[in-house]
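Coordinates in review
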Amino acid sequence: GTLAGGDERLALSLDRSQFGPLSASGQGEIEFKDPRPRAKLTLSLGELPLSALLAPFRARAKDQTIGAGWSTRPVGWSALTRLDAEATISAERAVAGRVRIDAPKVELVLEEGRLALRKFEGGIAKGTWSATGAIVPAGRDTVALTLSVKGAEISQTPDWAGLSLTKGRLELGLDLTSRG
């Protein structure tokens, strides 16, 4: 990879590299300007284990928990106000246990402390998955997500799903919002 800078700008590139089980390549730049730095990143990954992304929100040894081990400790979002950014991340696949998302692509925009999930799409069980959302820490700490699954073929639902479906096609739409 390369790293070059000058005139309040830093550019970087990452040749295809292996980090444990994760392969990655990409490029990006950071402009150091007022009122805060602005970053742009494009990243391409091999197989992405989704459990690595959820780990920061799982309970620690002394945390009170709810559900399947999720922490009740508040999440601090103040770091979102220190940088503006755009990121496009794609992967060959994303895996969480028996769930597999083929060719996921995510587009994120962080601006003035608001993180927008502009697009999250991919293939799941011969169907499609798409989501949009936002994290808005100002005021009442609002997190919103809209999720759609279309035409996914379900052969058997896992025990944790709370459903009893042995075979069929799944059409699902969810709009979720959390405040406070």
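Our structure is the block above this text.
Residues numbered from 1 in each chain as written. Predicted model: local features only at pLDDT ≥ 70, side-chain atom pairs only at ≥ 80, totals over all residues. Heavy atoms only, no water.

**Topic: the pattern of salt bridges**
What the rule picks out here adds up to 11 salt bridges. When the shortest N-O distance is used, the salt bridge between Glu 47 and Arg 93 registers 3.6 Å. Placement of the pair is Glu 47 in strand β4 (residues 38–49) and Arg 93 in strand β7 (residues 84–96), with a sequence separation of 46 residues. In this structure, Arg 93 and Glu 92 form a salt bridge, with 3.6 Å as the shortest nitrogen-oxygen distance. Since its relative accessible area comes to 47%, Glu 92 is described here as partly exposed. Each of Lys 105, Glu 107, Lys 119 and Glu 121 takes part in salt bridges that share partners, so that together they form one network. (Salt bridge = Lys/Arg side-chain N within 4 Å of Asp/Glu carboxyl O. Helix = DSSP H or I, 4+ residues; strand = E, 2+ residues; numbered from the N terminus. Buried < 20%, exposed > 50% of the residue type's maximum accessible area, 1.4 Å probe, protein only.)

**A look at the pairing of strand β11 (residues 142–154)**
Put simply, side chains in a regular strand alternate between the two faces of the sheet. With 9 bridges joining them, strand β10 (residues 127–136) and β11 adopt antiparallel strand pairing. Each residue of the ladder has a partner; that of Ser 130, found in β11, is Ser 148. Count of turn residues in the β10/β11 antiparallel hairpin: 5 residues, of which Gly 139 carries a positive phi of about 80 degrees. (Pairing = 2+ DSSP bridges.)

**Overview of the packing of aromatic side chains**
Evaluated as defined, the whole model comprises 1 aromatic pair. With a centroid separation of 5.5 Å and 70 degrees between ring planes, the pair formed by Phe 120 and Trp 129 is classed as edge-to-face. A relative accessible area of 16% means that Phe 120 is categorised as buried. Overall, the relative accessible area of 19% leaves Trp 129 in the buried class. (Phe/Tyr/Trp six-rings, centres within 6.5 Å; stacked < 30°, edge-to-face > 60°.)

**Regarding unusual backbone geometry**
Cis geometry marks the peptide bond from Asp 34 to Pro 35; its omega dihedral reads 5 degrees. Within the secondary structure, Pro 35 sits in the loop between β3 (22–31) and β4. In this structure, Ala 103 is a non-glycine residue whose phi angle is positive, near 50 degrees. Summarising the element assignment, Ala 103 is placed in strand β8 (residues 99–111).

**A closer look at the sheet that holds strand β9 (residues 114–124)**
Across the sheet, 10 strands lie side by side as β1-β2-β3-β4-β7-β8-β9-β10-β11-β12; this open sheet has mixed pairing. Single-partner strands in this sheet number two, and they are β1 (2–6) and β12 (168–178). Recorded for the sheet is a direction-independent mean angle of 5 degrees between the axes of neighbouring strands. (Axes fitted to C-alpha atoms, helices over the stretch in contact; angles between N-to-C directions.)

**Focus on the nonpolar core**
If you look at the biggest cluster of nonpolar residues, it comprises 17 residues, and the most contacted ones within it are Ile 101, Phe 120, Ile 124 and Trp 129. Among the elements that line this core, the one with the most residues is β11, at 4 residues. Ranked by size, the runner-up nonpolar core spans 5 residues in total, among them Ala 39, Ala 85, Leu 110 and Ile 135. (Core = buried A, V, L, I, M, F, W, Y, C linked by side-chain atoms within 4.5 Å.)

**Overview of the side chain of Asp 84**
Tracing the sequence through the fold places Asp 84 in strand β7. Judged by its relative accessible area of 9%, Asp 84 falls in the buried class.

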